[in-house]
Structure formats: C-alpha cells, structure tokens
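# Commentary on secondary and tertiary structure
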Amino acid sequence: MRHNRSMISPPRSSRLLMLSSSLVLSLSGAARAQEEVKVKTLAAPDYFSGAVADTGLPGDLWKETAPGIMRDVLPKLAGPKPLSPAFASLARRALSTGSNGPAGVGDDVEMGAARGLALIALGEAKGADAILDRATGGPGSSAMSMAQAEAALISGNDDKACQVEQALTVDRGAAYWLRLRAFCQLKAGQTDAAQLTFQLAQQQTKDADYARLMSAALAGTPPGAANLKNGVNYALSRRLSQDVQSAAALASASPALKPVAAAPMAQAADIGHDLTAAEASDLAFLRQAKTLPAFLEAARAAAPSIAALATAGGPLQDPVLLARAAVAAGDVASAQAIRGRLTQDVIPGATATDLAILDALIAAGSGKVDNQVLANLVSRGATGKPAQTAAVLLSSLGGTMDADTRTQFATFELGKPAASAARVQVLEDAAGAKRKGEAALLALSLALDAGANGPAPVDRARIAHALNRAGLSVDARVVVVEGLLGLAYAK
C-alpha cells in the first residue's frame, strides 16, 4: 500500500519555512547570548560608584561634571597642599559618595587610584579599603596598588598589603615598594632577604624614620618612638609594640593617620561632679590653641564637659569662648544654652560685637540665618572690621536685609579677593546649573590655593554662597562656621 507523502510530512515549502523560523530563532538566541557576553565582557568598572558611607549627597553627584576639572583637581587632594578642616570635610563627603564618574574618568584606573589616595589622605583609610577591595587593575597600576596597600596597612590588615605588593607587576623597584617588601619579608621570617631589600630601599631614597624602625625590627634593638608618617611606618610601629597614641606619635602623624593617633574622646560620664575643674581645664586647653585647627581639636576634646557645663546652670568663667567651642565641636544646642544665659551686664571679657559674632556663629551652625542677627552684625560693622567680615560670611547663606541694612552693608571694604576670578566664575556657573560635584571640586581647588587656614573671608563668602546655591548647603554652613571661628586667629 502506497502512502501519501503529504499526509506524513509537510510540503517542501512549509518545511523550508519551519527551518528558516528555527534558524532565525536560533540565531536570534545566539545573538542575544553573544550580546550579553559582550556586554559583560566590555562593561568597564566605575571606580566612583562604590559608596564609603551615606553622605546625604545624591547618586548622580558627578553628573555633567567636566571630566577635565575632575582630572585636574582630584589628584591634588592627596598632594602636599593642605586643606582647612571645613574643606577637608567637603572633600571627604564628596569622595565618599557612590556616584558614577564623568565620562572617561569613572573607568580610568589611575583616577580610581586618585580617589582612593585622596580618601586615605583625608583620614578615610578604612572607607577607602572597603571600596578599593573591589577595584580591578591594581597589579598593573602602581598608584592603585599603593592606594590598596596603604589603606590595608592603616586599617591594620598587613597580610592584605603584602598580597598587593606581591601581585604588583610594574614599578617594583620604587622606594615605596622596596620598603613595603622589606617589611613583608621580615613579617614572613625572611630576615636575610628583608635586610637586603632594606638596604636597597635606603640606597634609593633615605628615610630616617623608616630606617630607625626597620633597623630596630631587624636587630631587636630599642626602636624609639612610634612614627605615623605613612602606612609602612605605622605597620612597623605596631610590630614593635610602640604606643601609636603617644604625643610623639601624634606629632609625626600624617593627616591619613591622625584618626589612628588621636586618643578616644572622653565621655561625659568621665567628668564626674567637679565641673569647676573641668571648666578650668577646658578653658586652659582652648586658650592654648594658637591656630584654628588646634582650636577645633581642643573643642572636640572638651565637648563632653562643655555640654555638661551648658546644662548645669550657674556662672561661667568665659561663656563666649565655651559657646564658640561648642559650635566648633558641632554641639549647637549647648552653644544656644550658654548663649541663653548671657545678658549684656555679665559677660566676662566680651563686648557687644563679640556677642553679635557669637549669634552669627550659632545661626550659621544651626542653618537658620536670622534676619535680625544679620542686621545687628551689619550695624556693628560701622565700629570695626570683624563685624563686617562676619556679616559678609553670614549673608552668604541667605537672609534678607531691609533698605537701611543693605545701604550700610554696601559700604563695607573687605580687601581684594585672592581667588582665581576665572575659577570663581565657573564655580558660580556650576552652582546656578546645580552641578554639585563640579561645584565641590572647584571650591576645593580654590581652597587648595589658600592653604591650611582656608580662603580669605571675601573669597570664602563667595565660595559658600556658590555651594549653597548648588544645593550643598551643609557644606556651605561648615565653611561659614570655620570662617567665623577663624576671626579670632586673623592676622
């Protein structure tokens, strides 16, 4: 019996159509799979997307930031030029934010290294260690490997730092890597190799502190004081069981290691009931500060006892100084409590202008620019430069002046600005366009030019005004508070 082929299989044209459809589906699936593989293979890491902390800044911080501005400013944040505490805070906040970098910057391993090194220099080694742990490209980049090694050493993870050194494929003969390698060899019990590598390091670049510590570690001799100039010296100091929180260690500490060297701040419970002694001690400590950074450190150390004094009641020996210190330590509530107890008749060593500037300081610290406080400052400006400077700083955060106040304010002479007019103009443009990241970088660039004390008041006010307009109001307030506190140290 003959079977009808058409009943068994579809016509040739149908079979061809089915084969074509299967082929299309197969090719389509293969193409999709290939595309997925391609995307996964080619997708470059973004060295700025990892967050160190929740900074309150948006996840698109670097959106529309000019790549060239970031390339210019970012490496300088790990350089020798210091930032004042307020601008260092701005830099930490910006660089700790997780946000994709600008085009051509976010996937650049050297720029990722610059971010890590800047965070380390700003005292955020542990945060840098966390984000650099996931970074790629380290073995082929001396800068990235150095950032990873230093972050690990400062975080106390010596084994990790030694693994980074072993994996490095470039610049292995540089002095930093020879010093770290000698330490790692010593740690591994390879004393002869460590001695040889140590000699090579010293032949290339002499370092007295490293030589003292390494010689002591190799010979078992007394090492002297700890040294916290960098991560390698810190690791050696720890290995030698040195006191890394001694006065000598603190004096040697780089900004990267200041958090390690700083002794834990006393708690309020440790003060006991002898507030008179605590007040005397705090005042002596605060009055010894000859620079603004020293005053800020003293204020943070005195914060617990000042908080207790603010709520204890009774007269204070120097209430204006204690209130200023409270704001410096971030305790605006204690400053307000102290200020509330003051009257014009009982203020030891303080003038009406001192009180007006204190009111401005508290207003800036609280983020509320009181128009009456601003008007009072302006009126005091007729009698002296400090009130004029304070008024300009406070006004940069906002506030409204009436016609008479504006008229008087317009007569103030604050000296010529020192900041680059071009960069200030670009900063103001970034502020108007809400390019927060670019505004932060430009502000930091201007601060680097100014040095450890920060910009002069006239420049500081323009920077704070721009930061405030850009949406970086928290940072603008910190910049103004620092400027107001710095009036006591102005030459």
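You'll find the structure just up there.
Residues numbered from 1 in each chain as written. Predicted model: local features only at pLDDT ≥ 70, side-chain atom pairs only at ≥ 80, totals over all residues. Heavy atoms only, no water.

## Comments concerning the overall build of the protein
Which entries qualify depends on this criterion: Runs of H or I in DSSP of at least four residues are treated as helices and runs of E of at least two as strands, each being numbered from the N terminus. Residues are treated as being in contact if the distance between any of their heavy atoms lies within 4.5 Å. Every accessible area reported is derived by Shrake-Rupley at a probe size of 1.4 Å, with residue values counting cover from the shown protein chains alone.
Looking only at helices and strands, the protein has 26 helices and 0 strands in total. Counted over contacts in the protein with a minimum sequence separation of 6, partners at least 24 positions apart contribute 67%. Accessible surface, the protein: about 23,600 Å² in total, of which carbon and sulfur atoms supply 55%.

## A word on unusual backbone geometry
Put simply, the rule reads: Relative accessibility decides the category of a residue: with a 1.4 Å probe and only protein chains considered, values under 20% of the type maximum give buried, values over 50% give exposed, and everything between is partly exposed.
Residue Glu-64 is not a glycine yet carries a positive backbone phi of 65 degrees. Here Asp-171, not a glycine, exhibits a phi torsion of approximately 50 degrees, which is positive. Residue position: Asp-171 is located in the loop between helix H8 (158-167) and helix H9 (175-187). Given a relative accessible area of 48%, Asp-171 falls into the partly exposed group.

## With respect to the packing of helix H21 (residues 385-395) against helix H26 (residues 473-485)
Stated precisely, the cut-off is as follows: Axis geometry follows a simple rule: fit a line to the C-alpha atoms, using only the stretch in contact for helices, then measure angles between N-to-C directions, giving values from 0 to 180 degrees. Should an angle lie under 35 degrees it is considered roughly parallel, over 145 roughly antiparallel, and from 65 to 115 roughly perpendicular; all remaining angles are considered oblique. Residue type decides the class: Asp, Glu, Lys and Arg count as charged, Ala, Val, Leu, Ile, Met, Phe, Trp, Tyr, Cys and Pro as nonpolar, and the leftover types, Gly among them, as polar.
Running from amino to carboxyl end, H21 crosses H26 at an angle of 175 degrees, the nearest separation of the two axes being 9 Å. Regarding the angle of H21 to H26, the classification is roughly antiparallel. Contact with H21, carried on its side by Ala-390, Leu-393 and Leu-394, involves Val-480, Gly-483 and Leu-484 of H26 and no other residues of that element. Of the residues belonging to the contact of H21 with H26, the class tally is 5 nonpolar, 1 polar and no charged.

## Notes on H26
Each full turn of the α-helix corresponds to 3.6 residues, which orients residues three or four apart in the same direction. Note the cut-off: Expected helix span is given by 1.5 Å per residue-to-residue step, counting one fewer step than there are residues.
With 13 residues, H26 should reach 18 Å at 1.5 Å per residue; the first-to-last C-alpha distance of 18 Å fits that figure. For H26, the set of buried residues is Asp-475, Ala-476, Val-479, Val-480, Val-481, Glu-482, Gly-483, Leu-484 and Leu-485. Residues of H26 that are buried make contact with helix H4 (85-96), helix H16 (292-312), helix H17 (319-328), helix H19 (352-366), H21 and helix H25 (457-470).

## Considering the nonpolar core
Short version of the rule: Within this scheme, the nonpolar core is defined by two criteria: the residues are buried Ala, Val, Leu, Ile, Met, Phe, Trp, Tyr or Cys, and they are joined through side-chain atoms within 4.5 Å.
Membership of the largest hydrophobic core comes to 120 residues, with the highest contact counts inside it found for Leu-74, Leu-77, Leu-83, Phe-87, Leu-228, Leu-286 and Leu-377. Leave out the neighbours within four places in its chain, and Leu-74 touches Phe-48, Leu-95, Met-111, Ala-114, Arg-115 and Ala-118. Counting residues in each nonpolar core, the second largest holds 27 residues, with Leu-168, Tyr-176, Leu-186 and Phe-198 among its members.

## Concerning the environment of Asn-468
The residue Asn-468 is located in helix H25 in this model. Residue class for Asn-468 comes out partly exposed when judged on its relative accessible area of 26%. Once the C-alpha coordinates of Asn-468 and Gly-398 are considered, the two residues, 70 residues apart in sequence, prove to be 8.6 Å apart. When near neighbours in sequence (up to four residues on either side) are disregarded, Asn-468 contacts Ser-396, Leu-397, Ser-473 and Ala-476.

## Comments concerning the pattern of salt bridges
Side chains that carry opposite charge are capable of pairing whenever their charged atoms lie near each other. Under the convention used in this document: We define a salt bridge as a side-chain nitrogen of Lys or Arg found within 4 Å of a carboxyl oxygen belonging to Asp or Glu.
Using the criterion set out here, one finds 20 salt bridges in the structure. In this structure, Arg-93 engages Asp-475 in a salt bridge whose closest nitrogen and oxygen atoms are separated by 2.7 Å. Here Asp-475 lies in helix H26 and Arg-93 lies in helix H4, a separation of 382 residues in the sequence. No difference in accessibility class separates Arg-93 from Asp-475, as the two residues are buried. Salt-bridge contacts for Arg-423 lead to Asp-449; the nearest nitrogen and oxygen are separated by 2.6 Å. Within this pair, whereas Arg-423 is found in helix H23 (residues 421-432), its partner Asp-449 is found in helix H24 (residues 436-450), the two being separated by 26 residues in sequence. Using a relative accessible area of 25% as the deciding quantity, one classes Arg-423 as partly exposed.

## Side note on the packing of aromatic side chains
Applicable threshold: Note on aromatic contacts: the rings of Phe and Tyr and the six-membered ring of Trp form a pair at centre separations within 6.5 Å, being stacked when their planes are under 30 degrees apart, edge-to-face when over 60 apart, and tilted otherwise. Only lysine NZ and arginine CZ atoms are considered, and such an atom sits over a ring when it is within 6 Å of the ring centre and within 35 degrees of the ring normal.
Taken as a whole, this structure holds 4 aromatic pairs when the rule is applied. Centre to centre, the rings of Tyr-176 and Trp-177 are 5.0 Å apart; their planes meet at 85 degrees, and the pair counts as edge-to-face. The same class applies to Tyr-176 and to Trp-177, which are both buried. When the ring of Phe-409 is compared with that of Phe-412, the centres are 5.6 Å apart and the planes differ by 55 degrees; the resulting orientation is tilted. According to the relative accessible area criterion, Phe-412 is buried, its value standing at 11%. The positively charged end of Arg-238 is found above the aromatic ring belonging to Tyr-234, 4.6 Å away from the centroid.

## A short note on the packing of helix H15 (residues 275-288) against H17
The packing of two helices is summarised by the inter-axis angle and the distance between the axes. Closest axis-to-axis distance for the H15/H17 pair is 11 Å, and the angle between their directions is 75 degrees. In this view, H15 runs roughly perpendicular relative to H17, as classed from their interaxial angle. Here Glu-279, Leu-283, Leu-286 and Arg-287 of H15 come into contact with H17, specifically with Leu-321, Leu-322 and Ala-325. For the contact of H15 with H17, a count of residues per class yields 5 nonpolar, no polar and 2 charged.

## Description of the side chain of Glu-482
Note that Glu-482 resides in helix H26. Discounting residues that sit within four places of it in the chain, Glu-482 has contacts with Ser-84, Pro-85, Ala-86, Phe-87, Leu-292 and Arg-460.

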